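Spelled out, the chains give:
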Amino acid sequence: MSDTASPGAFPYRLVATDLDGTLLRSDDTVSQRTRDALAAATAAGAAHIVVTGRAVPWTRHILDDLGYQGLAVCGQGAQVYDAGAHRLLTSVTLDRQLAGVALAKIEAEVGPLHLAASRDGLDGEVLVGPGYAVTGSLPATPFTDASDLWSAPLNKLYIQHPTLSDDELCEAATRTAGGFVTVTMAGAGIVELLPLGLSKATGLSLAARRLGLKAADTIAFGDMPNDIPMFAWASYGVAMADAHEELKAVADEVTSSHDEDGIAVVLERLLG
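Scope of this entry: the structure provided in the associated data block. (Residues numbered from 1 in each chain as written. Predicted model: local features only at pLDDT ≥ 70, side-chain atom pairs only at ≥ 80, totals over all residues. Heavy atoms only, no water.)

### Description of the side chain of Thr255
- Secondary-structure assignment places Thr255 in the loop between β14 (253-254) and α9 (262-271).
- Within the local environment of Thr255, its side chain forms a polar contact with the backbone oxygen of Gly262, the two atoms lying 2.9 Å apart. (Helix = DSSP H or I, 4+ residues; strand = E, 2+ residues; numbered from the N terminus. Polar contact = N/O pair within 3.5 Å; in protein donor to acceptor, adjacent residues only side chain to side chain.)

### Considerations on the pairing of strand β3 (residues 71-74)
- The side-chain alternation of β3 yields two buried faces, one formed by Leu71 and Val73 and the other by Ala72 and Cys74.
- Here 2 bridges tie strand β2 (residues 47-51) to β3, and the two strands are oriented parallel to one another. The partner of Val51 across the bridge, within β3, is Val73.
- Read from β2 through helix α3 (residues 56-66) to β3, the crossover connection turns out right-handed.
- As paired elements, β3 and strand β4 (residues 79-82) share 4 bridges and run antiparallel to each other. Residue Cys74 lies in a different strand from β4, and its bridge partner there is Gln79.
- Connecting β3 to the antiparallel partner β4 that follows it, the hairpin turn spans 4 residues, and Gly75 within it adopts a positive phi of roughly 60 degrees. (Buried < 20%, exposed > 50% of the residue type's maximum accessible area, 1.4 Å probe, protein only. Pairing = 2+ DSSP bridges. Right-handed = clockwise from strand over helix to strand, strands pointing away.)

### What about the sheet that holds strand β11 (residues 190-195)?
- In space, the 6 strands of this open sheet follow the order β8-β7-β6-β9-β11-β10, with mixed pairing throughout. In this open sheet, the two strands that pair with only one neighbour each are β8 (141-142) and β10 (181-187).
- When strand β9 (residues 154-160) meets β11, the two strands line up antiparallel, connected through 3 bridges. Across the sheet, residue Ile159 finds its bridge partner in β11, namely Val191.

### A few points about the nonpolar core
- Counting residues in hydrophobic clusters, the biggest one holds 47 residues, and the most contacted among them are Val15, Ile49, Phe221 and Leu267.
- Those residues in contact with Leu267 that sit more than four places away from it in its chain are Phe10, Val15, Ala37, Leu38 and Phe221.
- Core analysis: the second largest hydrophobic core is formed by 26 residues, Leu113, Leu115, Leu154 and Met224 among them. (Core = buried A, V, L, I, M, F, W, Y, C linked by side-chain atoms within 4.5 Å. Contact = heavy atoms within 4.5 Å.)

### Things to note about the side chain of Glu192
- The residue Glu192 is located in strand β11 in this model.
- Within the structure, the side chain of Glu192 is placed 3.0 Å from the side chain of Lys156, a separation counted as a polar contact.
- Residues contacting Glu192, with those up to four places away along its chain left out, are Gln76, Lys156, Leu157, Tyr158, Thr182, Val183, Thr184 and Ala186.

### Details of the pairing of strand β5 (residues 87-91)
- In this structure, β4 lies alongside β5, joined through 4 bridges in antiparallel fashion. Within β5, the position partnered with Tyr81 by the bridge is Leu88.
- Here β4 hands over to β5 after 4 residues, with His86 in that stretch at a positive phi of 50 degrees.

### Quick notes on α9
- Residues of α9 that are buried: Gly262, Ile263, Ala264, Val266 and Leu267.
- Of the surrounding secondary structure, the elements contacted by the buried residues of α9 are β1 (14-17), α1 (19-23), α2 (32-43), β12 (218-222), β13 (236-239) and β14.
- Of the residues flanking the end of α9, it is Gly272, one or two places downstream, whose phi is positive at about 75 degrees.

### Quick notes on unusual backbone geometry
- Notably, His86 is not glycine yet its phi reads approximately 50 degrees, a positive angle.
- Following the sequence through the fold, His86 ends up in the loop between β4 and β5.
- For His86, a relative accessible area of 39% translates into the label partly exposed.
- Look at Asp261: it is not a glycine, yet its phi comes out positive at around 60 degrees.

Geometric values such as these leave the question of function open.
So this is what it looks like as structure tokens:
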């Protein structure tokens with residue numbers, strides 16, 4: 001929390017919001033109430049940063065529709081994106097050799113996986129292999145030749161298992177390959193392998209530094225285990241009502257669901 005906040009003033013200089021399941025409602029829109037609350041927070045002097053697991057190509061259209069002009073942290077912290085300038089400021093890629101070793105170790109433990117991969121860059125494709133189920137209607141490019149997976153720089157791999165739950169797969173992948181990659185769960189059917197040590201907190205700290213802001217200035221909103229590092233970094237973490245239990249366990253507060261304007265409920269209270 002900012003030490004310079006005056007009594008009755010909005011107590012944070014940075015509002016960090018996850019996208020899916022947090023800022024976006026189930027119909028992929030942002031309510032007018034939430035837009036108004038964020039606008040009031042920024043009018044009170046706070047910056048707003050979207051922090052999402054989606055890479056830039058899967059995020060850009062949403063930010064454009066919102067008229068969002070600020071910085072966004074994309075790809076689970078791998079990318080810092082200037083939405084107003086449509087420019088990628090930083091990008092971290094996955095070591096493909098380490099990722100291959102990690103995949104082999106996980107498959108030796110649990111059997112064959114269904115795979116997808118997010119290529120690096122402003123226009124990086126998401127490649128989807130046989131059996132992998134893409135959430136929603138996001139654009140993806142099918143592949144059948146495994147060599148295509150490794151032919152260009154990647155910022156993450158997605159893994160699915162035909163029978164294991166997301167929690168079971170995430171636990172097994174972390175146990176067997178956690179020394180080679182970071183494993184995180186970003187949503188239903190979304191278990192990801194990231195560059196080792198990368199998290200939303202990594203990207204958020206870089207973006208905040210560009211704005212002259214710190215962890216102590218930050219309130220963060222999220223709904224999934226991939227938001228845990230962001231909550232650990234921020235001064236105050238707020239989980240949505242329908243958040244994963246692991247995130248609720250470390251949150252400072254649980255608000256209403258993403259369909260019930262959970263972000264706005266908290267911001268309106270803080271704005272007084």
